[in-house]
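# Survey of secondary and tertiary structure
Below are the chains, spelled out letter by letter.
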Amino acid sequence: MKNMSHAGADNLEALSHSNLSRSKQRQLGHEIVSAVIALVCVGIGLIYELFFPNNVIVAPLFYTVGFLIEGVPVIITAVKGVFSKDFAHSMEMLVTVAVLACYLSGQLILSVLVPLILNLAHFLEERSIVGGRDIIDGLKQMQQSSAIVLEDGEERRVDAKELKVGQLIVVRPGANVPIDGVVVSGETHIDQKSLTGEPEPVRVKVGSPVYAGTVNLDAQITVEVQKEFVDTSFSHILSFLEKTERISAPETRIVDRFMRYYIPFVLAIAGAVAIFTSDLSKAIAILVVSCPCGQMLVSSAPMIAVLSVSTRRGILIKNSKFIEELNDIDTVVFDKTGTITKGNLSLTDSVCAEGVEKSELLGYARLLASSSNHPISVAVVAATEDVALPEGSFESVRELSGKGLEVTDADGSVIRFGSAKWLGALGIDIPESVSGRCIGSVSYVTKDERLMGALCFNDTARPEAKNAIEHLRALGIKRFVMLTGDRQEVAERISAETGVDEYRAQLLPEDKLSSIRELKDKHCVLCIGDGINDALALKEAHVGVAMGAIGSDLAIQSADIALMNDNLVNIPMMLILARKTKKVIYQNIALSLGISFLMIVLSAMGFISALAGSLLHNVGAFVVILNSARILKLNQMTLD
């Protein structure tokens, strides 16, 4: 049982003991004790009246004590609301008039029971909201409070807030990672679902980043601290979630403006009913049932529901643009590298010189590449796992910075893998018949002076990119544009693979910004980028979305919405959630106002008493909550 000032936006505080701070637990305990004492006062008064019906002092005295306990806090809150002109306390204002009317008219029991039952109903109402907050509260509980520091071979447990950059910590299997860092020893799988929404664990090894709020699954690792506790991605996410819960959707301004006239309207109706019917109980009932619980929840309940769904999917909503401008988007702009593509090179083709088998070409390439960590070498190794290495003995592979790799076999032949410029300087001829057949980055394999072939590398489109764009078209998006600093032929290939309408290639960051401004003149633009090179474009667009924002402060800060994972299917899902949320908010406005007016009419006609009204006035709130809960069903929605 909370003060009725919490019936509006403050209704969003979860009341389960597992999620309450000690101060809130004490407050809840105090309110429970107050309610029990008030009920005891009413009980003693009723018993005294039963046995001593002629005594007109003692029973009213007990009722007055109950009124002071339950009614006075409401009155104090209402007075504060009047002086601060805070219409979030409009319910307390109406209830204050009602309980004072009850008390002054001699309906003492009613003056105790009305605020008491209202508080009980609000408690149940808040509990029904808690279900939508479970994911958010669950995230908070994943923030590890302690860590095991490793110093001079000794382990000691410390508060995670005391960790400093450069310290080494031990993370055991089953433990939450307390801080952002990089693995310096050990290999394990990390469950990042709390941040990215992705169900598959991520394999980490030496050099891999790990993030606070994730879970170490199967082996002990040692991690070097990269960020202090307050600067972790997880801390920033929790901070944004707290702010997002208080987002006021533009549609609720209708309700805010309405509330300025609602209280005088209700008071006028109650006064008119009291005058024309000479029945004060009807006027009191009107005041009680008109408490605007539903109106206070029209946007907050849907926002909690959508936060629950979006957080599970790794979508971080930062401001009200999610509801405002996301519903009006007609143009989607993609950055290429790392957004619509994977952001790393893949071996996409190979061209053999005359008389050379493909297996021989790839075998030599794998032999050389396996000794290097260069991105091209990594791509070769990943694509040639099933290719047999050439037979014979070889010396150690030599890596020549900026040129390539070379190795000498037992016969003294030198096999090289590298750039055309390097090989050309060695006098090796690369005919157009080979070089002209590759699109993208090209590296060549040679044996002595003979060209064996070319390997072609490209950044490849994300497998879900085409599917995501098709879903966006189905949602009514009319135009798709890709902006890239890459070459024209690469941009053309990626746009053709993904179904993008148009592309603009060889752009500098300022060129991307100019393109966004140009598109904004006639369209409502959603821009999607990695948040690092595209920060200016993301800020300039009507709505900016940062892809793969986990671990990137700039990505989270520069965009209106951050996708913690790299799944493009979350883009159409965002639009579906935004449209559903806006639709539900409008439905909530209609439902809450309609139910309030219906209750007022029924009370004026005498069908609802003040005591019954103290329960029934919450009908609007429960209807709003149930309607908002339909958003939670989208959590099971898949876009294949």
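Residues numbered from 1 in each chain as written. Predicted model: local features only at pLDDT ≥ 70, side-chain atom pairs only at ≥ 80, totals over all residues. Heavy atoms only, no water.

### So, the nonpolar core
Of all hydrophobic cores here, the largest spans 51 residues; its most connected members are Leu326 and Leu526. Of all the elements, helix α21 (residues 570-604) adds the most residues to this core, at 11 residues. Among the nonpolar cores identified, the runner-up in size contains 38 residues, and Val95, Leu110, Val112 and Ile263 belong to it. (Core = buried A, V, L, I, M, F, W, Y, C linked by side-chain atoms within 4.5 Å. Buried < 20%, exposed > 50% of the residue type's maximum accessible area, 1.4 Å probe, protein only. Helix = DSSP H or I, 4+ residues; strand = E, 2+ residues; numbered from the N terminus.)

### Topic: the packing of helix α16 (residues 465-474) against α21
One way to put it is that α16 packs onto α21 with a least axis distance of 8 Å and a crossing angle of 25 degrees. With respect to α21, the element α16 is oriented roughly parallel. Residues Ala468, His471 and Leu472 of α16 touch α21, and the partners they reach there are Ile571, Pro572 and Leu575. Residues belonging to the contact of α16 with α21 are distributed by class as follows: five nonpolar, one polar and no charged. (Axes fitted to C-alpha atoms, helices over the stretch in contact; angles between N-to-C directions. Parallel < 35°, antiparallel > 145°, perpendicular 65-115°, else oblique. Contact = heavy atoms within 4.5 Å. Nonpolar A, V, L, I, M, F, W, Y, C, P; charged D, E, K, R; others polar.)

### Details of the pairing of strand β16 (residues 441-447)
The sheet contact formed by strand β15 (residues 414-418) and β16 spans four bridges and is antiparallel. Residue pairing across strands places glycine 418 opposite tyrosine 444, the latter belonging to β16. Pairing of β16 with strand β17 (residues 450-461) involves seven bridges; the strand directions are antiparallel. Bridge assignment links serine 443 to a residue of β17, and that residue is leucine 455. If you look at the hairpin formed by β16 and β17, you'll find two residues sitting between the two strands, and aspartate 448 has a positive phi there, around 55 degrees. (Pairing = 2+ DSSP bridges.)

### Overview of the pattern of salt bridges
One pass over the structure, following the stated rule, counts 17 salt bridges. Note that aspartate 501 is salt-bridged to arginine 473, the shortest N-O span being 2.8 Å. With a gap of 28 residues between them, aspartate 501 in the loop between α17 (488-498) and β19 (502-504) and arginine 473 in helix α16 connect regions that are remote in the sequence. Classification of aspartate 501 by relative accessible area gives partly exposed; the value is 40%. Arginine 504 is paired through a salt bridge with glutamate 518; the nearest N and O atoms lie 3.4 Å apart. Linking arginine 504 in strand β19 with glutamate 518 in helix α18 (residues 509-520), this pair joins segments that are 14 residues apart in sequence. Among the residues examined, arginine 504 registers a relative accessible area of 16% and is labelled buried. One network of salt bridges, in which partners are shared, links Glu395, Arg398, Glu406 and Arg416. (Salt bridge = Lys/Arg side-chain N within 4 Å of Asp/Glu carboxyl O.)

### Description of the sheet that holds strand β2 (residues 154-159)
Strand order in the open sheet made by the six strands is β2-β1-β3-β9-β4-β7, with antiparallel pairing throughout. Where the open sheet ends on each side, the last strands, each with one partner, are β2 and β7 (209-210). As defined by bridge partners, strand β1 (residues 146-151) adjoins strand β3 (residues 168-171) across three bridges and the pair is classed as antiparallel. Along β3, the bridge assignment pairs valine 149 with isoleucine 169.

### Some words on helix α2 (residues 58-84)
The end-to-end C-alpha distance of α2, which contains 27 residues, comes to 38 Å, matching closely the 39 Å that a straight helix rising 1.5 Å per residue would cover. Within α2, the full set of buried residues consists of Ala59, Tyr63, Thr64, Gly66, Phe67, Glu70, Gly71, Val74, Ile75, Thr77, Ala78 and Gly81. (Expected span 1.5 Å × (residues − 1).)

### Here's the deal with the packing of aromatic side chains
Evaluation of the coordinates by the stated rule reveals three aromatic pairs. Taking the centre distance of 4.7 Å and the plane angle of 35 degrees together, the rings of tyrosine 48 and phenylalanine 52 count as tilted. A residue is classified by how much of its surface remains accessible, and phenylalanine 52, at 45% relative accessible area, is partly exposed. (Phe/Tyr/Trp six-rings, centres within 6.5 Å; stacked < 30°, edge-to-face > 60°.)

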